[in-house]
Amino acid sequence: MSSLTHKEEVPEGGYRTPDGRIIGGVLMDLKDITLRFGGVTAISNISFDIRQGEIRAIIGPNGAGKSSMLNVISGFYVPQEGEIWFRGRKRPPLKPYQVARQGVARTFQNIALFKGMTTLDNIMTGRVTRMKSNMLEQAIWWGRAEREEVENREVVERIIDFLEIQAIRKTPVGRLPYGLQKRVELGRALAAEPDLLLLDEPMAGMNVEEKEDMSRFILDVNDEFGTTIALIEHDMGVVMDLSDRVVVMDYGRKIGDGTPDEVRNDQAVIDAYLGVVHE
Amino acid sequence: MTDSKAQSDALTSIPALLARNVTHFGARTAYREKEFGIWQSWTWAEAAKEIEDLALGLLGLGIRAGDFVAIIGRNRPHFYWTMVAAQSVGAVPVPMYQDANAEEMAYVLGHCGARFAVVDDQEQVDKILEVQDQLPDFEHMIYVDPRGLRKYDHGRLHQFSHIQKMGSAAYDELNPELERRLAQLGYDDICVMLYTSGTTGKPKGVVLSNRNVIESSRNSAAFDNLTENEEILAYLPMAWVGDFIFSIGQAYWCGFCVNCPESPETMPSDLREIGPTYYFAPPRFFETQLTSVMIRMEDAGRFKKWLFDHYMKVARKVGAAILDGRPVPLGKRLSYALGDIFIYGPLKNVLGLSRIRVGYTAGEAIGPEIFEFYRSLGINLKQLYGQTEATVFITQQPDGGVRADTVGIPSPGVEVEIRDNGEVYYRSPGVFVEYYRNPESTASTKDAEGWVATGDAGFFEEGTGHLRIIDRAKDVGKMADGRLFAPKYVENKLKFYPNILEAVVFGAGRDFCTAFINIDLNAVGNWAERNNIAYASYQELAAHPRVYEMIQNHVEEVNRSVAQDEMLSGCQIHRFLILHKELDADDGELTRTRKVRRRIIEEKYADLIAALYDGSKEIFTETEVTYEDGRKGTISATLEIRDARVEPTSAKVAAQ
């Protein structure tokens, strides 16, 4: 079934996945990142890269520093040491909205939607970085503002169609079950048309069926839009099935990095998860 | 008028009707589909162009006259166009149930030897690829939604819009062939083949000719004065004969507009937005809708609840009479008019039923309270009785002659008779040509004079001439002491309770009747919430003692009501149990149209039936279940068996 992809060449720095997808060069490179909160070192001297088009997972036991890592990538935390290279350029310390403008979108571990707003409006907020009309133009609903609204609505409707949430388009998200809220949040992140999508535990608290659905959507997003995805997830089965490469963290340090198979057989990783006797 | 007579003589195929509609109604809307939140529409002229492009594309793929084209997807204009495009090139459309599993699809595709399939999305493509090796005749598959399919081998897989573009580009080369094939279409050629879901055995392919479809559509359209101004919502399975007649037959005959919902889940809100004028829904749909209205009224404020109760009382008294045009005193009329402003109007609007001129329900018996509820709101809901083999229509209720317990008078052009064994037979222009590749079944169903056995037992009511259906003829049996056993009659009475989703009654050849009950998770779940009853699963709720108590009350009420009918008083339920799982089409227990498959249930649950008759108080059982993705698993449970109180029956009847 993958016969059509044989002709494509693997670009420099990229590789070919077992299922025949072509992964491109480095999109984001994190070099020697260290993040401290006062005397606590949340992340200590971690380096890894995220390549164009891949699904990259960050795993680790509770308190390993995974969410902090994601917050460093999204610009919410500024690390004390280390460099972040994005699209071949060194990224200066930026505000999260500036990072978002560069094409990085995210979802949150504890859903951060506007509960009183409808699904449609929530996803529409994801378009904010793409809107140019000012408040006055939007208030009087004229010219550029109207045109933009129509364009943005179309993008949002395509996402609604993609995520199969037509039936809840006009439902306030506070009334939706958890699994659907997660899907709406993914929709909002997609609305920004990101190059890099960060998912913080997209499947936490879901049942098996919801997890299967969400996995399918993540794979489809990657396949359909070519979006690079970095995700944190606790469900090992899901991580191993979905991701191309996995970074393993423990106590703020990187203890493993590689394909799911490599990571699975790594002694340091096994020890971190099963525990070893400390001397 | 001679002009239109001459014209109707030439209208001997669906493509011919399409050409007429383009001439007469070219700029009127023929199709709407909600996509990306907006109702997209196509006029008859635009639809004809889509159909032509597709027909040319199919010719480009080498489709031959007489080929079968399988159509698998939810109701979308694309699939209706596919049917007409297939007919245009002399091929036969075979719409199939989209929720069928790969195995069931393999059977149908193999049986008709389909060379082409036009399908919705990746899910359907995967299913067919899975069974393709078993199908030597199968060649090309066309899909509408490209999502997830980009990396598939496109040797024999094509995108719908690409085929249309290909056809359009090759217009000059292919159009003469298309014209030639269109000119050859005859009145007795095959119009469509529909597989009946079959409560027993493998599905059978019912062949319907252009004559069957067009004459049935014409007669039924005249019966209800359908015009080009109707709006319908196409949401029932495309594989079902009713959808074919409403959305293709009558729509093309009358030239009215077919609206397709955005997705199955959005159907209620799409219904509200479209406000159809002509509408069909199975009884289960009306039941569910009424249940949700009642549940929401329970949560309404006290004043609103009072207003609702008050005016529903008024409606129950005079609503149906006003609808039928019977005399009603002025005061009552005024009261009803006020109710219309406060309650009925807004309610109908919310339900999407404001503009209904003609509404039908069929397929199963509808609860009298449910039926009366809708009629009292001023909705012209009627019943019909039909079959795939009859091109739907056997009997219909005329305006002004509507009742909950009959299925109406013979439709125009249909003769109906009751044979000695009580079975209903009919003969009409809609009588099917044959079961495809199954002459034995054809011969045993249709006799030389064209009379068809319905398989249902019924009788004509004296005085009114209305037909009443009792049960499937083969299910009507005798109990051990010779009393009449009609399981469906009792099951229907049970199912009229919102808490009971499904019931299966046993008793043929036995001393007394027993029953399996399936609870309705929505209704019972809501009741449990109100009564602070905690439960973790369907199984736990079903086995709850208070649920048993409630169901027992229902069963005993049904027994009292059954006891009043002298002929059927033996069918009272002595013992029952509540099943630990919902009966499901995926497990083969129901047909895809959700009819109970009695034989299969009897086999599968033989241990439970034995327990119902050996006097035990509970029974441990293990049941195999099939998940939606085809995997199998087992669930086990210990089920309680209860005795229900029965009414004494008169010895006179029992002795007969």
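It should be noted that the structure appears before, not after, this text.
All values derive from a computational prediction rather than experimental measurement. (Residues numbered from 1 in each chain as written. Chains lettered and ligands numbered in written order. Predicted model: local features only at pLDDT ≥ 70, side-chain atom pairs only at ≥ 80, totals over all residues. Heavy atoms only, no water.)

So, on to the overall build of chain A. In terms of regular secondary structure, chain A is built from 10 helices and 12 strands. In terms of C-alpha radius of gyration, chain A reaches 20 Å, essentially the compact-globule figure of 19 Å for 279 residues. For chain A, the spread of C-alpha atoms along the principal axes amounts to about 70 × 50 × 40 Å. Each of the 279 residues in chain A was classed as buried or not, and the buried ones make up 49%. In chain A, the proportion of contacts linking residues at least 24 apart, taken out of those at least 6 apart, comes to 65%. Put simply, chain A shows about 13900 Å² of open surface, and 52% of that area lies on carbon and sulfur atoms. Side-chain charges in chain A split into 35 positive and 43 negative, and the spacing between the mean points of these groups amounts to 6 Å. (Helix = DSSP H or I, 4+ residues; strand = E, 2+ residues; numbered from the N terminus. Rg over C-alpha atoms; globule rule 2.2 N^0.38 Å. Buried < 20%, exposed > 50% of the residue type's maximum accessible area, 1.4 Å probe, protein only. Contact = heavy atoms within 4.5 Å. Areas by Shrake-Rupley, 256 points an atom, 1.4 Å probe, with all protein chains shown as cover. Lys, Arg positive; Asp, Glu negative; His and termini not counted. Charge placed at Lys NZ, Arg CZ, Asp CG, Glu CD.)

Counting 123 residues, the largest nonpolar core has B:Tyr31, B:Tyr80, B:Tyr252, B:Tyr279, B:Tyr344 and B:Tyr374 as its most contacted members. Setting aside its immediate chain neighbours within four residues, B:Tyr279 contacts B:Tyr235, B:Met267, B:Leu271, B:Phe285, B:Phe286, B:Leu353, B:Ile356, B:Val358, B:Gly359 and B:Tyr360. (Core = buried A, V, L, I, M, F, W, Y, C linked by side-chain atoms within 4.5 Å.)

What follows concerns the state of the cysteines. Residue and element names in this part refer to chain B. A full pass over the atoms with the stated rule returns 0 disulfides over all chains. There is no disulfide at Cys191, and the cysteine sulfur nearest it, in Cys254, is 15 Å away. Relative accessible area serves as the criterion here: at 0%, Cys191 is assigned to the buried category. We note that Cys260 lacks a disulfide partner, and the nearest cysteine sulfur, in Cys257, lies 8.8 Å from it. We classify Cys260 as buried; its relative accessible area is 0%. (Disulfide = S-S within 2.5 Å.)

Moving on: the interface of chain B and chain A. Taken together, the contact between chain B and chain A spans 14 residues of the former and 18 residues of the latter. When the buried area of chain B at its contact with chain A is split by residue, B:Phe36, B:Arg147 and B:Lys151 rank highest and sum to 47% of it. Our count for the contact surface shared by chain B and chain A stands at 5 salt bridges. Between chain B and chain A we count 7 residue pairs in polar contact (both at pLDDT 80 or more) in total. Partitioning the side of chain B that touches chain A into residue classes produces 2 nonpolar, 4 polar and 8 charged. (Buried area = accessible area lost by both parts, 1.4 Å probe. Salt bridge = Lys/Arg side-chain N within 4 Å of Asp/Glu carboxyl O. Polar contact = N/O pair within 3.5 Å; in protein donor to acceptor, adjacent residues only side chain to side chain. Nonpolar A, V, L, I, M, F, W, Y, C, P; charged D, E, K, R; others polar.)

This brings us to the pattern of salt bridges. Throughout the structure, instances matching the rule amount to 68 salt bridges over all chains. The residue A:Arg106 makes a salt bridge to A:Asp200 at a minimum N-O spacing of 3.6 Å. A residue pair is termed long-range when its members are at least 10 positions apart, and A:Arg106 in strand β8 (residues 104-107) and A:Asp200 in strand β9 (residues 196-200) qualify at 94 residues. Like A:Asp200, A:Arg106 is buried. Across the pair B:Glu364 and B:Lys495 runs a salt bridge whose closest N-O atoms are separated by 3.5 Å. You can see B:Glu364 sitting in the loop between β13 (358-361) and α15 (368-376) and its partner B:Lys495 sitting in helix α17 (residues 487-495), a full 131 residues away along the chain. Given the relative accessible area of 23%, B:Glu364 is considered partly exposed. Residue classification places B:Lys495 among the buried positions, given a relative accessible area of 15%. Through salt bridges that share partners, A:Asp49, A:Arg51, A:Glu54, A:Arg56, A:Arg245, A:Lys254 and A:Asp257 make up one connected network.

Let's shift gears to a nonpolar patch on the surface. All names here are of chain A. Taken together, the side chains of Leu136, Ile140 and Trp142 make up a nonpolar region of the molecular surface, amounting to roughly 400 Å² of accessible area. For Trp142, the position within the fold is in the loop between α4 (135-140) and α5 (144-162). Owing to a relative accessible area of 61%, Trp142 belongs among the exposed residues under this scheme. (Patch = residues over 30% accessible without salt bridge, like charges linked within 9 Å, V, L, I, M, F, W, Y side chains within 5 Å.)

All names here are of chain A. Along the polypeptide, Glu201 turns up in the loop between β9 and α7 (208-225). For the buried Glu201, which has no salt bridge, the nearest side chain bearing the opposite charge is Lys66, at an N-O separation of 5.0 Å. A distance of 3.3 Å separates the side chain of Glu201 from the side chain of His234, its partner in a polar contact. Those residues within four positions of Glu201 in sequence are excluded, and the remaining contacts are Gln109, Lys182, Ile232, Glu233 and His234.

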